[in-house]
Amino acid sequence: MTKVGILMGSDSDLPVMQKAAQMLEKFGIEYEMTIISAHRMPDVFVEYANKAEERGIEVIIAGAGGAAHLPGMCAALFDLPVIGIPIHTKALGGVDSLYSIVQMPSGIPVATVAIDGAANAGILAAKILAVSDMELRDKLKAYKKEMKDGVSAKAEKLEKLGCEQYISQM
């Protein structure tokens, strides 16, 4: 069953948002992904957010740039967790997006990751779902070990080769 909805306001956000999808796939979490604009198609957006829970969606990941209202509007309509991804913008480097998402009024929280932090949004969605799913929790623990082992291997290589040679092989 589809458990996560991934939303973006524009197809230009897809290179960032695909990283959330890749993390969900890594953990075996079903998702749906669509382009939907809270500003340009508010009726379609409201219907999506209002019916998401009926379709089995337990977490929404919403990426937006600029005014970045998509995550906040999702949180206003959807009763379960919403994770916002501020998308980098040319004008202000994504800080505008970050402020729009993170500065929600009391009572309408949006968990917010770093600018273009879609991979972390996918991991956070997995952690939210893992509260009631032990198999998923085990996959998250294995991923954490995989990251640790990767860093340990790099440290060993650096110690063996030294700084100059390590850098030349990067």
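Just above sits the structure.
Quick caveat, the model's predicted, so the values are computed rather than measured.

Colleague: I would appreciate a short explanation of the nonpolar core in the present structure.
Modeller: Looking at soluble globular proteins, one finds that nonpolar side chains tend to be buried together. Ranked by size, the top nonpolar core spans 27 residues in total, and within it Val4, Ile6, Phe27, Ile29, Ile61 and Ile85 carry the most contacts. If you list the elements that add at least two residues to this core, you get β1 (4-8), α1 (14-26), β3 (59-64), β4 (82-86), α5 (118-130) and α6 (134-161). It is α5 that contributes the most residues to this core, seven residues altogether. If we skip the residues at most four places from it in the chain, Ile29 touches Lys3, Val4, Leu24, Ala126, Leu129 and Leu136. If you look at the next biggest cluster of nonpolar residues, it comprises 19 residues, including Leu7, Ala52, Val82 and Val110.

Colleague: So what exactly am I meant to see when it comes to the layout of surface pockets here?
Modeller: The gaps of empty space that remain are located by a probe, the size of a water molecule, rolled over the atoms. Considering only enclosed or pocket space, the largest pocket measures out at about 240 Å³ in volume. Every residue lining the largest pocket is counted, 18 residues in all, and those nearest its centre are Gly9, Asp13, Arg40, Ala64 and Gly65. Residue composition of the lining of the largest pocket, grouped by class: seven nonpolar, nine polar and two charged. Here the second largest pocket defines a volume of roughly 170 Å³. Forming the boundary of the second largest pocket are Ile123, Lys127, Arg137, Leu140, Lys141, Tyr143, Lys144 and Met147. Of all the secondary-structure elements, those providing two or more residues to the lining of the second largest pocket are α5 and α6. It is α6 that provides the largest number of residues to the lining of the second largest pocket, a total of six residues. Tallied by class, the residues present in the lining of the second largest pocket amount to four nonpolar, no polar and four charged.

Colleague: What is the right way to read the sheet that holds strand β5 (residues 111-112) from this model?
Modeller: Each strand in a sheet pairs with its neighbour through backbone hydrogen bonds, running either in the same direction (parallel) or in the opposite one (antiparallel). Ordered in space as β2-β1-β3-β4-β5, the five strands form an open sheet in which the pairing is parallel. Each of the sheet's edge strands pairs with one partner strand only, and the pair in question is β2 (31-35) and β5. Relative to β2, β1 is paired through five bridges, and the arrangement is parallel. Residue pairing across strands places Val4 opposite Tyr31, the latter belonging to β2. Strands β1, β2, β3 and β4 of the sheet are contacted by α1, whose axis makes an angle of about 170 degrees with β1.

Rules of the game
Residues numbered from 1 in each chain as written. Predicted model: local features only at pLDDT ≥ 70, side-chain atom pairs only at ≥ 80, totals over all residues. Heavy atoms only, no water. Core = buried A, V, L, I, M, F, W, Y, C linked by side-chain atoms within 4.5 Å. Buried < 20%, exposed > 50% of the residue type's maximum accessible area, 1.4 Å probe, protein only. Helix = DSSP H or I, 4+ residues; strand = E, 2+ residues; numbered from the N terminus. Contact = heavy atoms within 4.5 Å. 1 Å grid on protein atoms, 1.4 Å probe; cavity = no way out; pocket = protein on both sides within 12 Å on 5 of 7 lines; lining within 4 Å. Points joined across faces, edges and corners; volume = space filled by probe spheres on them. Nonpolar A, V, L, I, M, F, W, Y, C, P; charged D, E, K, R; others polar. Pairing = 2+ DSSP bridges. Axes fitted to C-alpha atoms, helices over the stretch in contact; angles between N-to-C directions.

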